[in-house]
Number of protein chains: 2
Amino acid sequence: MSVTIKEIADICGVSHGTVDRALNNRPGISDKTKEKILKIAAELNYYPDFRARSLAKGTTKTIGLVLFDLYNRSFSQLTNAVETESRSKDYLVNLLLTDKCIHSEKEAIENLISRKVDGIILFPINQGEAFESYLTNLNIPIVTICNKLSDKWSFVGIDDRSAMKDAVTYVAGKGYERVVYICPPLAYRHQSNIYTQLERFEGLLAGMQQCGYTEEPVVITEKDYLRALSRIDLKASKTAILCSCDLYALETMNFLKDRNYRIPEDVGLMGFDNIDVLKYISPKLTTVHYNVEEMGFRAVDALVRQLETQTPSSTPLVEYKIIQGESL
Amino acid sequence: MSVTIKEIADICGVSHGTVDRALNNRPGISDKTKEKILKIAAELNYYPDFRARSLAKGTTKTIGLVLFDLYNRSFSQLTNAVETESRSKDYLVNLLLTDKCIHSEKEAIENLISRKVDGIILFPINQGEAFESYLTNLNIPIVTICNKLSDKWSFVGIDDRSAMKDAVTYVAGKGYERVVYICPPLAYRHQSNIYTQLERFEGLLAGMQQCGYTEEPVVITEKDYLRALSRIDLKASKTAILCSCDLYALETMNFLKDRNYRIPEDVGLMGFDNIDVLKYISPKLTTVHYNVEEMGFRAVDALVRQLETQTPSSTPLVEYKIIQGESL
DNA sequence: GTGAAAGCGCTAACAA
DNA sequence: TTGTTAGCGCTTTCAC
């Protein structure tokens, strides 16, 4: 079907070793034969077979990227960045989504192992010692993003705890008396990796304490969080709704608009992530920004550095900052 | 480094051919040895080497996906769908972005050729006879999406022309006297493939003619379209701004809000694509909807069918419909 | 039921 | 400067 070095060798009347020398400009070949071989190769539209090459060389120049999905804008921005940076470093991205299923994640990883990718960028959903030793036994460079596993793997992310602490401090500074916090179910903490969410939650509690709040936050972790929200008398005291991600905040904003709450006059609202579509939303959502593209770049950088130096490379946490909007 | 069938063979005291029989439950092996081999393989954490297998079998179970970027929500929804569907069919996705650069696109394709993917899903940016014969010579199954190339390749998309025609007919039905149309530069039509945009534009013209508009639409194709828009007296006559994609419409909505135009009282606005973030936008944008996930599914289906049957398979166009919002 | 060997397309070490 | 060979890890055919 496709052209091989053997065919080129036959046509040129040389050995396939010589063709290899020409094609990869290795030394030990005369300009004349080299020229001839390259000419024929071009004519025949020759493309080297990466599989064979990688089998012989032991590297695939491929990075596996394992994510939940591309539904949240952050993830697609991240994927875009990872692909771009990988390509600029001559790596190809194998994309695998897990839908937050711990089994899919393992399948994804095993698939990548079979395909002998050079390294994996993983937003982990599994966790625990068993999973960690599972990963260790895989014996492949892994960079974790967003959800930290342990110090055994380089981690690219932000300081979620301190970011959420700053966020609630910001809320307090605006004079809000009560905080409603919306986030995914934290009860699953033992089943799946929700490191990021736990950190944010801890930051919330720490921040509130430090700001002198005497009451606990109203924490909504139900799947149908809007229904839960509807059972709260939002005007009872000056209330801010703090969401653990912008997507929740946007849904909540729709909810509040539907019920004719004025934002921020009747109730304050704050998100987290600063996803790119926020620029089209009014009122402008107050949120926590971090550069998710930068995270993608750093993840690739850290991974490739690790591939080249054989030693895990640490990366600093990515900066974050509070974006003042009109919703608080 | 990693375990091979040879090692398993050595440990079990059999030949590697026998190990292969056990691992792939091929006939011609006793239950006893098979059991033993499987046990050892599991203990050693054996994962077959896909490269070697694919070299021997001739198929990689891999699909290349070539897109502009994941910036537009449609593309990430599409990518999500393509990955999900591919995975369910036991294919892996190699993602390559081109940033709308015709050279990157060729590089991406050649990379995929080298890696011997079984087929490619391509949102083409190149076009023309030269490109077509280039693709033909590649001798690999390709499914085109969104931008059509020619009937030589199966195409997954919508009837853009008729959709935009319906859109402008809808606008006309609302009594708008003047139509401003915002779209990307159409002048590049000979440099790069903007099939989709051209179709939409043709549909616009056809629709306006049929609706009895005597004046041509005001067409804005400049990169800085908002500046161009600011030079138009939008209140001079009852004006609708029709955008060739939602992203333009959202930017335009921000622009109009900034200038205190009321939508739709002062000026109407309509988009195209119905990207998923629209549900958070107010006023609700009137737009053209089509199921982009469905496009992803069909693209994979068409490609895999083609891989299995060796014959290009045609797919019907994806349905579209106008979504009535509050912006017109 | 099992082993041996060739071959997939390439790289790399060794001969000539 | 060039050819030969072994080997990467698997599949597959053929012989026993």
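Everything below is about the structure printed above this text.
Residues numbered from 1 in each chain as written. Chains lettered and ligands numbered in written order. Predicted model: local features only at pLDDT ≥ 70, side-chain atom pairs only at ≥ 80, totals over all residues. Heavy atoms only, no water.

**Let's talk about the protein's contact with DNA strand D**
Link 1 in the chain: Around DNA strand D sit 26 residues, and of these Arg21 and Gly28 of chain A together with Ile5, Asp20 and Tyr46 of chain B come closest.
Link 2 in the chain: Of everything in DNA strand D that lies within 4 Å of the protein, sugar and phosphate atoms constitute 69%.
Link 3 in the chain: Here a base nitrogen of DNA strand D and a side-chain polar atom of Arg21 of chain A are 2.6 Å apart.
Link 4 in the chain: For DNA strand D, a base oxygen lies 3.1 Å from a polar atom in the side chain of His16 of chain B.
Link 5 in the chain: Within the residue set of the surface near DNA strand D, elements represented by two or more residues are α2 (16-23) and α4 (50-57) of chain A together with α2 (16-23) and α4 (50-57) of chain B.
Link 6 in the chain: A per-class count over the surface near DNA strand D returns nine nonpolar, eleven polar and six charged. (Near = heavy atom within 4 Å. Polar contact = N/O pair within 3.5 Å; in protein donor to acceptor, adjacent residues only side chain to side chain. Helix = DSSP H or I, 4+ residues; strand = E, 2+ residues; numbered from the N terminus. Nonpolar A, V, L, I, M, F, W, Y, C, P; charged D, E, K, R; others polar.)

**Observations regarding the interface of chain A and chain B**
Accessible area lost when the parts come together is the quantity often used to give the size of an interface.
Link 1 in the chain: Taken together, the contacts link 50 residues of chain A with 50 residues of chain B.
Link 2 in the chain: Around 4,900 Å² of area is buried between chain A and chain B when both sides are counted, 53% of it from carbon and sulfur atoms.
Link 3 in the chain: Looking at the side of chain A facing chain B, the largest losses of area belong to Arg51, Arg115 and Tyr280 of chain A, adding up to 17% of the total buried there.
Link 4 in the chain: Linking chain A with chain B are four salt bridges, by the criterion used here.
Link 5 in the chain: Notably, a salt bridge pairs Glu251 of chain B with Lys279 of chain A, separated by 3.5 Å at the nearest N-O pair.
Link 6 in the chain: The interface formed by chain A and chain B holds 31 residue pairs in polar contact (both at pLDDT 80 or more) in total.
Link 7 in the chain: Mapped onto the side of chain A that touches chain B, the elements with two or more residues apiece are α4, α5 (73-88), β2 (92-97), α6 (102-114), α7 (128-138) and α11 (246-258) of chain A.
Link 8 in the chain: Tallied by class, residues from the side of chain A that touches chain B come to 21 nonpolar, 14 polar and 15 charged.
Link 9 in the chain: Sheet analysis places β2 of chain A next to strand β2 (residues 92-97) of chain B, joined by three bridges and oriented antiparallel. Counterpart to Leu95 of chain A in the pairing with β2 of chain B is Val93 of chain B. (Contact = heavy atoms within 4.5 Å. Buried area = accessible area lost by both parts, 1.4 Å probe. Salt bridge = Lys/Arg side-chain N within 4 Å of Asp/Glu carboxyl O. Pairing = 2+ DSSP bridges.)

**A look at the packing of aromatic side chains**
All names here are of chain A.
Link 1 in the chain: Applying the stated criterion to the full structure yields 16 aromatic pairs over all chains.
Link 2 in the chain: Measuring from centroid to centroid gives 5.5 Å for Phe75 and Phe123, while their planes differ by 90°, and the two rings are edge-to-face. Of the two residues, Phe75 is situated in helix α5 and Phe123 in the loop between β3 (119-122) and α7; the sequence distance between them amounts to 48 residues.
Link 3 in the chain: Ring pairs connect the aromatic residues Phe68, Phe75 and Phe123, which therefore count as one cluster. (Phe/Tyr/Trp six-rings, centres within 6.5 Å; stacked < 30°, edge-to-face > 60°.)

**Notes on the sheet that holds β2 of chain A**
Link 1 in the chain: Taken in spatial order, the ten strands of this open sheet run β5(A)-β4(A)-β3(A)-β1(A)-β2(A)-β2(B)-β1(B)-β3(B)-β4(B)-β5(B), and their pairing is mixed. For this open sheet the edge positions go to β5 (154-156) of chain A together with β5 (154-156) of chain B, each flanked by a neighbour on one side alone. Neighbour to neighbour, the strand axes of the sheet diverge by 25° on average, direction disregarded.
Link 2 in the chain: The pairing of strand β1 (residues 62-67) of chain A with β2 of chain A spans six bridges and is classified as parallel. Its bridge partner being in β2 of chain A, Val66 of chain A is matched across the sheet by Leu96 of chain A. (Axes fitted to C-alpha atoms, helices over the stretch in contact; angles between N-to-C directions.)

**Description of helix α8 (residues 160-173) of chain B**
Residue and element names in this part refer to chain B.
Link 1 in the chain: Here α8 spans 20 Å end to end across 14 residues, near enough to the 20 Å set by a 1.5 Å rise per residue.
Link 2 in the chain: When α8 is considered as a whole, its buried residues turn out to be Asp160, Ala163, Met164, Ala167, Val168, Tyr170 and Val171. Looking straight down α8, one finds its buried side chains confined to an arc of 150°; they lie on one side. (Expected span 1.5 Å × (residues − 1). Buried < 20%, exposed > 50% of the residue type's maximum accessible area, 1.4 Å probe, protein only. Arc of directions from axis to C-beta.)

**Some points on the nonpolar core**
Link 1 in the chain: Among the nonpolar cores identified, the biggest contains 56 residues, and Ile241 of chain A together with Ile241 of chain B are the most heavily contacted of them.
Link 2 in the chain: Among all residues touching Ile241 of chain B, those that are not within four sequence positions of it are Val180, Ile182, Leu229, Leu234, Thr252, Leu256, Val267, Gly268, Leu269 and Met270 of chain B. (Core = buried A, V, L, I, M, F, W, Y, C linked by side-chain atoms within 4.5 Å.)

**Comments concerning the protein's contact with DNA strand C**
Link 1 in the chain: Residues in close proximity to DNA strand C total 25 residues, the closest being Ile5, Asp20 and Tyr46 of chain A together with Arg21 and Gly28 of chain B.
Link 2 in the chain: Near the protein, meaning within 4 Å, the atoms of DNA strand C are sugar or phosphate in a fraction of 70%, with bases accounting for the rest.
Link 3 in the chain: Within the side chain of Arg26 of chain A, one N or O atom sits 3.0 Å away from a phosphate oxygen of DNA strand C.
Link 4 in the chain: Residue Thr33 of chain B places a side-chain N or O atom 2.9 Å away from a phosphate oxygen belonging to DNA strand C.
Link 5 in the chain: Considering every element that reaches the surface near DNA strand C, the biggest residue donor is α4 of chain A, with four residues.

**Remarks on the sheet that holds strand β8 (residues 239-243) of chain B**
Residue and element names in this part refer to chain B.
Link 1 in the chain: Strand order in the open sheet made by the four strands is β7-β6-β8-β9, with parallel pairing throughout. At either end of the open sheet lies a strand with only one pairing partner, and these are β7 (218-220) and β9 (267-270). Averaged over all pairs of adjacent strands, the angle between strand axes in this sheet comes to 20°, irrespective of strand direction.
Link 2 in the chain: Looking at chain direction, strand β6 (residues 178-182) and β8 are connected through five bridges and run parallel. Bridging from a neighbouring strand, Val180 pairs with Ile241 of β8.
Link 3 in the chain: Packed onto the sheet, α8 meets β6, β8 and β9 and runs at close to 160° relative to β8.
Link 4 in the chain: Sitting on the sheet, helix α11 (residues 246-258) touches β6, β8 and β9, and the angle it makes with β9 is about 155°.

Scope: geometric values only; no functional claims are made or implied.
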